[in-house]
Amino acid sequence: MLHKASQLKGAVVTALDGEVGVVDALYFDDEQWGIRYLGVRTGHWPSERHVLIPPTAIRQDASTNRQLQIELLKDDVLHGPQFDSARPLTRRQERAYAAYYDTPLYWEQVPEPMEAGEMPLPVDITGSGLEEEALAANRPLAEAHIHCTREVLGYNLTTPEGQIGKVDDLLIDEQTWAVQQLIVDTARWRPGGEIAVPIALTRGIDREHDAVYVSADKETLQSWPAYH
C-alpha cells in the first residue's frame, strides 16, 4: 500500500519504553529514492532536539500513519549521533548513523533488476567506501544526495520544455519505504488538478533552482490522468 509522506508528518513515535517525539520530516536519497531516515523532533522548546531513526526500526505490524512503534529504547534514540536539521547530511554522518543503528550502507548496495515504475530492493555487498567518503566530505550542497521532504515539497516539476507543476507530496511504499510516485499540482498548467508521476521518469533534483527534473515531455504530462 502507498502512503503520502504528508500523512506521516506529526506522527507520534513510541519506543519500547515510552514516547520519543513526533515525525518532523522524511529523508530520502535521490539515486534510489528510498526513505533512509525519519526526522523526529523530541522534547519541547527550548530543549527540543532533532534525531534521525532508520525506517527499519519501525514495527510495521504495530504502526499506523499517526502512531509509529519502534524496536528501540528511548535512550537509544536520544543518545544517537548529533544532527543539525538545518544542514544537509554528509556521508560521514550517515556512516555514524549506520554504525550506531547497525544498518547497512545503502549506497554500497547493489539494486535488483526492476520493472518500469518500481524501486529495487537492494542486496548487501562488501566494500570500504573510504574514497567515496573522502570525496563526499567535501561535496558541495548541490551534490548532496539526501533530501528532506520539507525541502522538496513545493519544488517545480520541470520537463525538457519547462515547468509543468509543483511537487505537492510523495507516495511511499509502506513495506519497502521506497518513494514510488510524486504527487504534482498542475492546476496552473492544465485542467484536472494533481497527477501522480512515477519516480522512473525523474532525472534529478536541483536544490539551487528548486526543481525536480523529469524525462517526460510537457505534452505527455498535460494529458496524464488526474490523481484521486
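In this text, all values refer to a predicted model and were calculated from it rather than measured experimentally.

Analysis parameters
- Residues numbered from 1 in each chain as written.
- Predicted model: local features only at pLDDT ≥ 70, side-chain atom pairs only at ≥ 80, totals over all residues.
- Heavy atoms only, no water.
- Helix = DSSP H or I, 4+ residues; strand = E, 2+ residues; numbered from the N terminus.
- Buried < 20%, exposed > 50% of the residue type's maximum accessible area, 1.4 Å probe, protein only.
- Contact = heavy atoms within 4.5 Å.
- Areas by Shrake-Rupley, 256 points an atom, 1.4 Å probe, with all protein chains shown as cover.
- Core = buried A, V, L, I, M, F, W, Y, C linked by side-chain atoms within 4.5 Å.
- Pairing = 2+ DSSP bridges.
- Polar contact = N/O pair within 3.5 Å; in protein donor to acceptor, adjacent residues only side chain to side chain.
- Arc of directions from axis to C-beta.
- Salt bridge = Lys/Arg side-chain N within 4 Å of Asp/Glu carboxyl O.
- Lys, Arg positive; Asp, Glu negative; His and termini not counted.
- Phe/Tyr/Trp six-rings, centres within 6.5 Å; stacked < 30°, edge-to-face > 60°.

*Asks:* Looking at this structure, how should I read the overall build of the protein chain?
*Replies:* When helices and strands are counted, the protein chain shows six helices and 15 strands. Counting every position in the protein chain, which comprises 228 residues, the buried fraction comes to 46%. In the protein chain, the share of contacts with a sequence separation of at least 24, taken over all contacts with a separation of at least 6, comes to 53%. A total accessible area of about 11800 Å² is found for the protein chain, and carbon and sulfur atoms account for 51% of it.

*Asks:* Explanation requested: the environment of W107 in the structure shown.
*Replies:* With respect to the helices, strands and loops of the structure, W107 is situated in the loop between α3 (91-101) and β7 (109-110). When the C-alpha atoms of W107 and D29 are compared, they prove to be 9.3 Å apart, with 78 residues separating the residues in sequence.

*Asks:* I would appreciate a short explanation of the nonpolar core in the present structure.
*Replies:* Here is a general trend for soluble globular proteins: nonpolar side chains tend to be buried in one another's company. In terms of nonpolar packing, the biggest core is built from 54 residues, with I53, I70 and L157 touching the most fellow members. If you tally residues by element for this core, the top one is strand β3 (residues 18-29), at six residues. Filtering out sequence-adjacent residues up to four positions away, I53 remains in contact with V13, R36, Y37, L38, V40, I70, L72, V77 and Y101.

*Asks:* Explanation requested: the pairing of strand β13 (residues 194-198) in the structure shown.
*Replies:* A regular strand carries its side chains on alternate faces of the sheet. Counting buried residues along β13, four of its five residues qualify, which places the element largely inside the surrounding structure. Bridging between strand β12 (residues 179-185) and β13 involves five bridges; their strand directions are antiparallel. Its bridge partner lying in β13, I183 is registered against A196.

*Asks:* Quick question: what am I supposed to make of the side chain of H3 here?
*Replies:* Mapped onto the fold, H3 is located in strand β1 (residues 2-4). Looking at H3, its side chain comes within polar contact range of the side chain of E174, at 2.8 Å. Once residues lying within four places of it in the same chain are set aside, the contact partners of H3 are N65, L170, L171, I172 and E174.

*Asks:* How should I be thinking about the environment of I164 in this particular structure?
*Replies:* Structurally, the position occupied by I164 is in strand β11 (residues 162-173). Separated by 26 residues in the primary sequence, I164 and R190 have C-alpha atoms spaced 8.2 Å apart. I164 has contacts with L157, T159, T186, W189, K218, L221 and Q222, leaving out every residue within four places of it along the chain.

*Asks:* What should I look at first to understand α3 in this one?
*Replies:* The complete set of buried residues in α3 reads R91, E94, R95, Y97, A98 and Y101. When α3 is viewed along its axis, its buried side chains cluster within an angular range of 160° and face the same direction. Along α3, exposed side chains directed more than 90 degrees from the buried face belong to R92 and A99. Where α3 ends, the next residue or the one after it, D102, has phi of about 55°, a positive value.

*Asks:* It is not clear to me how the pattern of salt bridges should be interpreted in this structure. Could you clarify?
*Replies:* In a structure, side chains of opposite charge can pair up when their charged atoms sit close to one another. All told, the structure shown has nine salt bridges when counted by the stated rule. Its salt-bridge partner being R41, residue D24 comes within 3.3 Å of it at the nearest N-O pair. Here D24, found in strand β3, pairs with R41, found in strand β4 (residues 35-42); they are 17 residues apart in sequence, far enough to count as distant. Judged by relative accessible area, which is 12%, D24 ranks as buried. Classification of R41 by relative accessible area gives partly exposed; the value is 28%.

*Asks:* Teacher, can you tell me more about the side chain of D173 here?
*Replies:* When you line up the elements, D173 lands in strand β11. Of the side chains with opposite charge, R36 lies nearest to the buried D173, which makes no salt bridge, at 13 Å. The contact partners of D173, leaving out residues within four places of it in the chain, are M1, L2, A178 and Q180.

*Asks:* Even after reading the chapter, I still don't get the packing of aromatic side chains, so can you show me in this structure?
*Replies:* Scanning all chains against the criterion turns up six aromatic pairs. Between Y37 and Y97 the ring centres are 6.0 Å apart and the planes differ by 55°, which places this aromatic pair in the tilted class. Of the two residues, Y37 sits in strand β4 while Y97 sits in helix α3, which places them 60 residues apart along the sequence. The exposure class assigned to Y37 is buried, which follows from its relative accessible area of 7%. The class for Y97 is buried, based on a relative accessible area of 3%. Ring plane angle 90° and centroid distance 5.1 Å describe the contact between Y106 and W107, whose orientation is recorded as edge-to-face.

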